[in-house]
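Working through the structure, step by step
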Amino acid sequence: MNYGISILFRAIPLVMALFCFGYGAFIYGYGDAGGRVVAGPVVFSLGMICIALFCTAATIIRQIIHTYNRAAKYGLPILGYLAAIATIITGICIFSGADSPSAFVAGHVITGVGFITGCVATAATSSTRFSFIPENSKSTGHEVPDGAFSLGEERTMEAVVITISLVAWIWAFVLLANSHVHPAYFVAGHVMVGLACICTSLIALVATIARQIRNVYSEKERSQWPKLVLLMGSISFIWGLFVIFADSGSTNGTTGYIMLGLGLVCYSISSKVILLAKIWRHEFKLANRIPLIPVLTALACLFLAAFVFELATVHSDYFIPARVLSGLGAICFTLFSIVSILESGTSGKG
């Protein structure tokens, strides 16, 4: 990877973050409809995931081009965690002081986005010793190299993402259990299920990176971790379809479109896990094609958003999912940058 390409791949997450921030602020400020209270802040918060993904991208790229230093080693993961904490606190403040169903839903969803940001920040942390992966992949033994993560450090990072995922799942089902109280619980609960699927998918990514760095990644894991991510994507996608077809005549049914987008984000994450699994001590000639997965999911999000935008011209219930799908498309495209970096860093190409 040359320096120019490295700048491009680091710029993509930042540009997508600016898109989410700008588009979210535009949605929120360009009218007083109730849907804008949800769509604007939620799309804005998606930019925080892009910031955390930038931290991951910069962490890996700096190691590839040999510009990694102490400031980047600690500063980038800290930036990711600060983005996560700020997002979670903002979400809690919004739904705690909510005086409308729209603010209630927005607050819960933004909190869930903060959970994802925390998991991505942990992925950035696990990538701080990414340079060990290409070396370990060429070896045949399973000795932990000097300077790699200790067993305690690996388990701590895995525990962080597992804990966040459990909190997200419990939060989702508590909301769903209260769906009879108000439709806002139904909407927030279903979206939180999709967000929990993404958090669970990131467990596979963090575990894959940390265990390959420690050189303890097993042959069995080459199929298990990718299957977990694909399962989470399928759960969110199929669940979303069920919500759409089971309740298509109400506002609740439109929530399914957001779940479809969240499932597509899971499939984007799978590209990273699949790539790392396929190239681990094996030659995979199609490795440079794997970055097409997040490109296709980004296009799927945007094409789906186009149809939902059209539906929104007939019924205002589709206003929110149309805007959120656009933001999720930005997340998917950001993941294209990350998987391209991974492919470059593990292929051995300069």
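So, here is what we can say about the structure in this document. No experiment lies behind these values; they were computed from the predicted model shown.

1. Examining the packing of aromatic side chains
- Evaluation of the coordinates by the stated rule reveals 11 aromatic pairs.
- When the centroid spacing of 5.6 Å and the interplanar angle of 65° are considered together, the rings of Phe115 and Trp171 count as edge-to-face. A residue pair is termed long-range when its members are at least 10 positions apart, and Phe115 in helix α4 (residues 101-126) and Trp171 in helix α6 (residues 151-177) qualify at 56 residues.
- Aromatic side chains Trp169 and Phe173 sit 6.0 Å apart centroid to centroid with 20° between the ring planes, which places their arrangement in the stacked category. Residue Trp169 and its partner Phe173 are located together in helix α6, separated by four residues, close to a single helical turn.
- Look at Trp169 and you get buried, because its relative accessible area is 19%.
- Counting every residue linked through ring pairs, the aromatic cluster contains Phe9, Phe333 and Phe336.

2. A closer look at the packing of helix α8 (residues 221-246) against helix α9 (residues 251-278)
- Put simply, α8 and α9 touch, their axes get as near as 7 Å, and they point 170° apart. The angle between the axes of α8 and α9 places the two elements in the roughly antiparallel class. Crossing angle aside, the handedness with which α8 passes α9 is left-handed.
- Class assignment of the residues belonging to the contact of α8 with α9 gives a composition of 21 nonpolar, nine polar and two charged.

3. Side note on the environment of Ala330
- Relative to the helices and strands, Ala330 is located in helix α11 (residues 319-347).
- With sequence-adjacent residues up to four places away left out, Ala330 is seen in contact with Met16, Phe19 and Cys20.

Rules used throughout
- Residues numbered from 1 in each chain as written.
- Predicted model: local features only at pLDDT ≥ 70, side-chain atom pairs only at ≥ 80, totals over all residues.
- Heavy atoms only, no water.
- Phe/Tyr/Trp six-rings, centres within 6.5 Å; stacked < 30°, edge-to-face > 60°.
- Helix = DSSP H or I, 4+ residues; strand = E, 2+ residues; numbered from the N terminus.
- Buried < 20%, exposed > 50% of the residue type's maximum accessible area, 1.4 Å probe, protein only.
- Axes fitted to C-alpha atoms, helices over the stretch in contact; angles between N-to-C directions.
- Parallel < 35°, antiparallel > 145°, perpendicular 65-115°, else oblique.
- Left-handed = near helix turned anticlockwise from the far one by under 90°.
- Nonpolar A, V, L, I, M, F, W, Y, C, P; charged D, E, K, R; others polar.
- Contact = heavy atoms within 4.5 Å.

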